[in-house]
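# Breakdown of the fold
What follows is each chain in one-letter form.
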Amino acid sequence: MDWTAIALSAELALATLFLLMPLAIATARWLAITEFKGKPWIEGLLALPLVLPPTVLGYYLLVAMGAHSPLGRAFEALAGQTLAFSFPGLVVASVVFNIPFAVQPVQRAFEAIPLDVREAGQCCGLTFWQALRKVELPLAWPGILSAAVMTFAHTLGEFGVVLMVGGNIPGETKTVAIAIYDKTQSFDHASAGAMSLLLLVISLVTIAISYGLVERLMKRRRAP
Amino acid sequence: MSLVLELRHDGPLLDFRAEIPEGRITGLVGPSGSGKTSILRAVAGLLRLRHARVAMDGDIWDDAVVHRLTRERSIGFVPQHYGLFPHMTALGNVETALTHLSRVPRRVRAARCLALAHVEGLEARYPGELSGGQRQRVALARAIAREPHLLLLDEPFSAVDRSTRKRLYVELRRLHEQLRTTVVLVTHDLDEAAQLASHLCLISHGQLVQAGPTAEVLTRPRTERAARLLDIPNVFEAAVETPPSEGMVHLRWGPHRLSAVAAAADCPHSTVRWAVLPTNVLLARQDKPWGDHLENPVPAVVEEVIELGADVVVWLRPGGLPDTRLQIRLPIRAVRRYAVARGAEVTVCLRVADIILLGDDEPPPAPAVIPAVSSPV
């Protein structure tokens, strides 16, 4: 069992959640309540990681983070290390490939809030932030929870993009998914099997718990 | 002091001007898609229009430079499906409108509003656990919580059954008696408006067709469009036989000569459209010696008799007018007493004061001021 890889994966998943969820909530709300001409293009762009082969996404991320790119140069000037093949680079990649998993459930949740409920907040004299805190976020909470769980589980399991952008540096970019691949390649089936089982159990438990919570939340709101 | 509205927009089409009297219930009545809800949402500040002038008690909410946010307008709003927060209890819903109060006064005030709206004992229930009528009452309690100057109700009774609706009518009238707030009630149901509102604005295609005290609007449509909106079936055309003089005009309707009350401006053309309410067409007893006492007598043949509960709708074919049908509405006992049956020959009387001369359909030229009536509602 490669505990370093497991810890690194957990760290990556938490960092991704921390950075991505606020951005995803803001973007999802904006897309849910705004109509504009180029909206399908924006939604398409955000959904791209779902359909692109991980190698293609990984390749473009690698190019964007390389030493010759503005992003790569800026990061190197600030941090003194390259963005590609580093943990921060992995976080950036993880944020990008998780965008559809984080944005879409939250967007659907905001879209499901009836217009009259949203407007009732204004009629009750609530400010934008009060309405967000008291009405919209609690109502969108099942979607936000689903998005967080999906992002967490997906980050633990992502392989292709991680390998392209991070390589296989123990303690830096070697996540549990890469470690399983490594162990299989070196015929260490016992470790590969144990880590696969652990990933399977973690994924199943988190998803089942989130489904259960969402179901409980929704039950109370349903009409009799 | 009143609510002054001047609203113009292209989609939805609106060209609406009116002055809503203070402290009354005013009904905005019109068919679906006529722009009633858009007017209400514009007043609430929820809909931005190309041109909007909204002033409440002289306080400008909307004009060319000012657009006050919804939360800065003194309004309570009950939308058609109530817009209750599904994740909050009934009490929580009302408390949400009282965030300007600290915790204890907020709770006391919310409980008081729920009591006013007759939903005591249901404070801890979620909207999903309430019936349609209870939800409507919670929404009303939430709308009155901030003691608004203006209460906006968008078809608030459309989602409840008939018996609950009747109870809610009484409760709304009672609540209005207590609060005396200016209420604007949107409905497509004329009967509902007639029972609740002291004033009516008839709306069609985003325009004000007629406004005034309810009894007057319902019984004296000014134009054919108003008569159609009021569902008055008896709208006819007659030739002006002698121009109006001394407040009277004489009309030629087929072979019949009709007298009607009219000012000179009522008959600018050689023909005029006129209407009579089905309830104002009187059956004359054949056995009585009427002589010349019968006002505008018209012989007719009964074509159809349809019983509708306690009322009967009778369609008549007036003599000499083969393409015209006149509807009268009678209580069922009158039908029995007068032996009204298909094929029977009867004489009806169209009283001079009940003949309504209809003007041309034109958009109102200036802001229509709804005259206040003295009787309180």
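Details of the structure are given in the entry above.
Residues numbered from 1 in each chain as written. Chains lettered and ligands numbered in written order. Predicted model: local features only at pLDDT ≥ 70, side-chain atom pairs only at ≥ 80, totals over all residues. Heavy atoms only, no water.

## Description of the sheet that holds strand E15 (residues 281–284) of chain B
Residues and elements named next belong to chain B. Formally: Strand pairing follows a simple DSSP-based rule, namely that at least 2 bridges must link the two strands. Here a strand is any run of E in DSSP of at least two residues, a helix any run of H or I of at least four, and the numbering for each starts at the N terminus. To get an axis, a line is fitted to the C-alpha atoms, and for a helix only the part in contact is used. The angle between two axes follows their N-to-C directions and goes from 0 to 180 degrees.
Pairing is antiparallel across the open sheet formed by five strands, whose spatial order is E15-E19-E16-E17-E18. The open sheet has two edge strands, E15 and strand E18 (326–331), and neither has a second partner. Adjacent strand axes in the sheet meet at a mean angle of 50 degrees when their direction is disregarded. Judged from the eight bridges that link them, strand E16 (residues 297–308) and strand E17 (residues 311–318) form a sheet pairing that is antiparallel. Bridge assignment links Ile306 to a residue of E17, and that residue is Val313.

## Concerning unusual backbone geometry
For residues besides glycine, phi is generally negative; the peptide bonds are generally trans as well. Residue Phe187 of chain A is not a glycine yet carries a positive backbone phi of 60 degrees. Mapping Phe187 of chain A onto the fold places it in the loop between helix H10 (176–185) and helix H11 (189–221).

## Some details on the interface of chain A and chain B
Quick note on the threshold: In what follows, a contact means two residues having at least one pair of non-hydrogen atoms within 4.5 Å. The term buried area means the drop in 1.4 Å probe accessible area that two parts suffer when joined, counted for both and summed. By definition here, a salt bridge exists when the distance from a side-chain nitrogen of Lys or Arg to a carboxyl oxygen of Asp or Glu is within 4 Å. Identification of polar contacts relies on pairs of N or O atoms within 3.5 Å, with a donor-acceptor requirement for protein atoms, meaning one able to donate a hydrogen and the other able to accept it, and with residues adjacent in sequence counted only if both atoms are side-chain atoms. Under the grouping applied here, Gly and all other residues not named as nonpolar or charged are polar, the nonpolar ones being Ala, Val, Leu, Ile, Met, Phe, Trp, Tyr, Cys and Pro and the charged ones Asp, Glu, Lys and Arg.
Taken together, the contact pairs 22 residues of chain A with 25 residues of chain B. Taken together, both faces of the contact between chain A and chain B bury some 1900 Å²; the carbon and sulfur share is 64%. In this structure, the connection of chain A to chain B is made through one salt bridge. Between Glu119 of chain A and Arg41 of chain B there is a salt bridge whose closest N-O contact spans 2.1 Å. Taken together, the links from chain A to chain B amount to four residue pairs in polar contact (both at pLDDT 80 or more). Of all the elements in the fold, those that place two or more residues in the side of chain A that touches chain B are helix H7 (115–123), helix H8 (128–157) and H11 of chain A. It is H7 of chain A that provides the largest number of residues to the side of chain A that touches chain B, a total of eight residues. Residue composition of the side of chain A that touches chain B, grouped by class: 11 nonpolar, five polar and six charged.

## Overview of the side chain of Arg142 of chain B
Stated precisely, the cut-off is as follows: When accessible area is computed with a 1.4 Å probe and restricted to protein chains, residues below 20% of their type maximum are described as buried, those above 50% as exposed, and intermediate ones as partly exposed. In this charge count, Lys and Arg are treated as positive and Asp and Glu as negative; neither His nor the chain ends contribute.
Its location among the elements puts Arg142 of chain B in helix H4 (residues 132–144). Here Arg142 of chain B sits buried without a salt bridge, and the closest side chain of opposite charge, Asp116 of chain A, lies 7.6 Å off (N-O distance). Looking at Arg142 of chain B, its side chain comes within polar contact range of the main-chain oxygen of Tyr82 of chain B, at 3.1 Å. With sequence-adjacent residues up to four places away left out, Arg142 of chain B is seen in contact with Ala120 and Cys124 of chain A together with Tyr82, Gly83, Leu84, Phe85, Asn93, Val94 and Ala97 of chain B.

## Some remarks on empty space enclosed by the protein
Worth spelling out the cut-off: Grid spacing is 1 Å over the protein atoms alone, the probe is 1.4 Å, and a cavity is where that probe fits but cannot get out, while a pocket is an open set with protein on both sides within 12 Å along at least five of seven lines and lining residues have an atom within 4 Å of a point. Grid points are joined across faces, edges and corners, and a volume is the space filled by probe spheres set on the points.
For the structure shown, the criterion picks out three cavities of 30 Å³ or more. Empty space within the largest cavity amounts to approximately 80 Å³. Looking at the largest cavity, the residues that line it are Asp116, Glu119, Ala120, Cys123 and Cys124 of chain A together with Ile75, Gly76, Phe77, Pro79, Arg142, Ala143 and Arg146 of chain B. Ranked by the residues each element gives to the lining of the largest cavity, the list is headed by H7 of chain A, at four residues. Residue composition of the lining of the largest cavity, by class: seven nonpolar, one polar and four charged.

## Re helix H1 (residues 3–33) of chain A
Given 3.6 residues per turn, any residue in an α-helix points the same way as the ones three and four places further on. For clarity, the cut-off: Take the residue count of a helix, subtract one, and multiply by 1.5 Å to get its expected span. Two axes define the bend at a residue: one fitted to the seven residues ending there, one fitted to the seven starting there, and the bend is the angle between them.
With 31 residues, H1 of chain A extends 44 Å between its outermost C-alpha atoms, agreeing within 8% with the 45 Å of an ideal straight helix rising 1.5 Å per residue. The largest bend along H1 of chain A measures about 35 degrees and falls at Leu20 of chain A, with the proline Pro22 of chain A one to four residues further on.

## Section: the packing of aromatic side chains
For any pair of aromatic rings, geometry is given as the distance between the ring centres together with the angle between the planes. All names here are of chain B. The following threshold applies: Any two of the Phe, Tyr and Trp rings considered here, Trp counted by its six-membered ring, make a pair once their centres fall within 6.5 Å; the pair's planes then place it as stacked at under 30 degrees, edge-to-face at over 60, or tilted in between.
Using the criterion set out here, one finds eight aromatic pairs over all chains in the structure. Plain terms: the ring middles of Phe236 and Trp274 are 5.1 Å apart, the flat faces sit at 50 degrees to each other, and that makes the pair tilted. Of the two residues, Phe236 is situated in strand E11 (residues 235–245) and Trp274 in strand E14 (residues 271–275); the sequence distance between them amounts to 38 residues. For Phe236, a relative accessible area of 7% translates into the label buried. Taking relative accessible area as the criterion, Trp274 reaches 0% and is therefore assigned buried. Ring pairing ties together the aromatic residues Phe236, Trp253 and Trp274, which thus form one cluster.

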